[in-house]
Amino acid sequence: MAGSTFGNIFKITTWGESHGKGIGVVIDGCPAGLELSETDIQIYLNRRKPGQSKYSTPRKEDDAVEILSGVFEGKTTGTPISLVVFNKNQKSKDYSEIASYYRPGHADYTFDEKYGFRDYRGGGRSSGRETIGRVAAGAVAAKLLKQLGIQFTTYAKSIGPVEITSFDASQIMENPLYMPDAKAAEKASAFLEECMKNQDSAGGIIECIVEGVPVGIGDPVFEKLDANLAKAILSIGAVKGFEIGDGFAVAASMGSTNNDSFAMTDNSIQKLTNHSGGVLGGMTDGSPIIFRAAIKPTPSIAAMQKTVNKSGEEIEISIKGRHDPIIVPRAVVVVEAMAALTILDALLMNMTAKVDNICSFYKK
Ligand SMILES: Cc1cc2nc3c(=O)[nH]c(=O)nc-3n(C[C@H](O)[C@H](O)[C@H](O)COP(=O)(O)O)c2cc1C
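Small disclaimer: the values here were computed from a predicted structure and weren't measured. (Residues numbered from 1 in each chain as written. Predicted model: local features only at pLDDT ≥ 70, side-chain atom pairs only at ≥ 80, totals over all residues.)

(A) Broad picture of the overall build of the protein. Broken down by element type, the protein carries eight helices and 18 strands. For 364 residues, the compact-globule estimate of 2.2 N^0.38 gives 21 Å, and the C-alpha radius of gyration of the protein, at 21 Å, lies within 12% of that figure. Summarising the internal contacts of the protein: among those between residues at least 6 apart in sequence, 69% fall at separations of at least 24. (Helix = DSSP H or I, 4+ residues; strand = E, 2+ residues; numbered from the N terminus. Rg over C-alpha atoms; globule rule 2.2 N^0.38 Å. Contact = placed C-beta atoms within 7 Å.)

(B) Main features of the site of the ligand. For the ligand, the set of nearby residues contains 22 residues, the closest of which are S126, G128, G237, S300 and H323. Broken down by element, the shell around the ligand gets its largest block of residues, three residues, from helix α7 (residues 328–350). For the shell around the ligand, the class distribution of residues is seven nonpolar, 11 polar and four charged. (Near = placed C-beta within 6 Å. Nonpolar A, V, L, I, M, F, W, Y, C, P; charged D, E, K, R; others polar.)

(C) Just α7, in detail. For α7, spanning 23 residues, the distance from its first C-alpha to its last is 32 Å, which sits close to the expected 33 Å at 1.5 Å a residue. For α7, the buried fraction is high: 20 of the 23 residues fall into the buried class. (Expected span 1.5 Å × (residues − 1). Buried ≥ 20, exposed ≤ 12 C-beta atoms within 10 Å, placed from the backbone.)

(D) Just the sheet that holds strand β11 (residues 239–244), in detail. Ordered by their spatial adjacency, five strands build an open sheet running β9-β8-β10-β16-β11, and the pairing between neighbours is antiparallel. Each edge of the open sheet carries a strand with a single partner, namely β9 (162–163) and β11. With eight bridges joining them, strand β8 (residues 151–159) and strand β10 (residues 204–211) adopt antiparallel strand pairing. By the bridge assignment, Y155 is partnered in β10 with E207. (Pairing = 2+ DSSP bridges.)

(E) Spatial organisation of unusual backbone geometry. One non-glycine residue, E73, lies in the positive phi region at around 50°. Residue placement: E73 occurs in the loop between β5 (71–72) and β6 (75–76). At V221, a position not held by glycine, the phi torsion is positive, near 75°. Within the secondary structure, V221 is located in the loop between β10 and α5 (225–234).

Laid out in structure tokens, this is it:
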């Protein structure tokens, strides 16, 4: 199966299935000398761990990461970094029924048609657990970016029909939905209670703000930063939409209002607004990068649904087992991790953009 590798210089390959022995990632191209511990990575993984609230699957997993290679005496060595989380709470019998039919909204049908065979235990490779490798690698990328003053603020902007109406960053970690608006979080919780009573699931929007990225990161044409961010984010299971800056709203805007005027502030060129979302011509423009991901409702639901089994019979199913009624809260850190990986890779690529950069590095 191709397609498990992401990045040009800071390159990651995620591996493993939901109910296999373990799940993880190999990072190739991480510069030597970055201080790195399992705790640095665990902090990120804990944000996507199941079983932390009633809105995530009760599958309790420690999701404890182990560094197998690439770190010596607390620092990265420049060699491949291999990170693993051993699966400890697999209950394959919960999923045995799923082997016989195709879950609407999941990848069962397409996997079977493409490969003629699939690991049906917990969704195999298309399980939400695949994102463990992304988050672990993203934690390493974010640690390096932090040294450059690059910071991420990622949160749930909406849950179902409930959207935030105020923004207080200190609230994000204070509610299990990761909303920066305590009142909206309360309303969203009530909405999710109803959803769960109806054995249904819901979706929402995740927003990510990246501050401190220098101007000119991203390459024109096929390596545009916005294009690469879109690919990174849309590669996460259940993401069905990506917008940067004003996104789809630009279609109804006018040039005179959509353009961000430039001005001189403290002897440097600044934009007066940020409709672009921090990227112009595929390169960062010095404003915060702001993008959003639309997450669909969890496909596996207990409510009755029509489908077809492997013998081609039309049947009705109610999916048992452990599934999140909403994916959004657990995907917040996944979105942040994919953004960190994309931006770090673009920063490393940018080092060879000009002769000046090469000369200042090599010329004595
Ligand atoms: C963090 C995370 C957790 C997820 N948990 C579940 C889950 O419990 N049940 C489920 O049916 N899908 C879950 N998904 C979504 C499926 O992985 C995804 O919908 C499926 O692979 C089909 O891919 P697509 O929605 O991108 O087309 C999760 C996704 C993420 C990112």
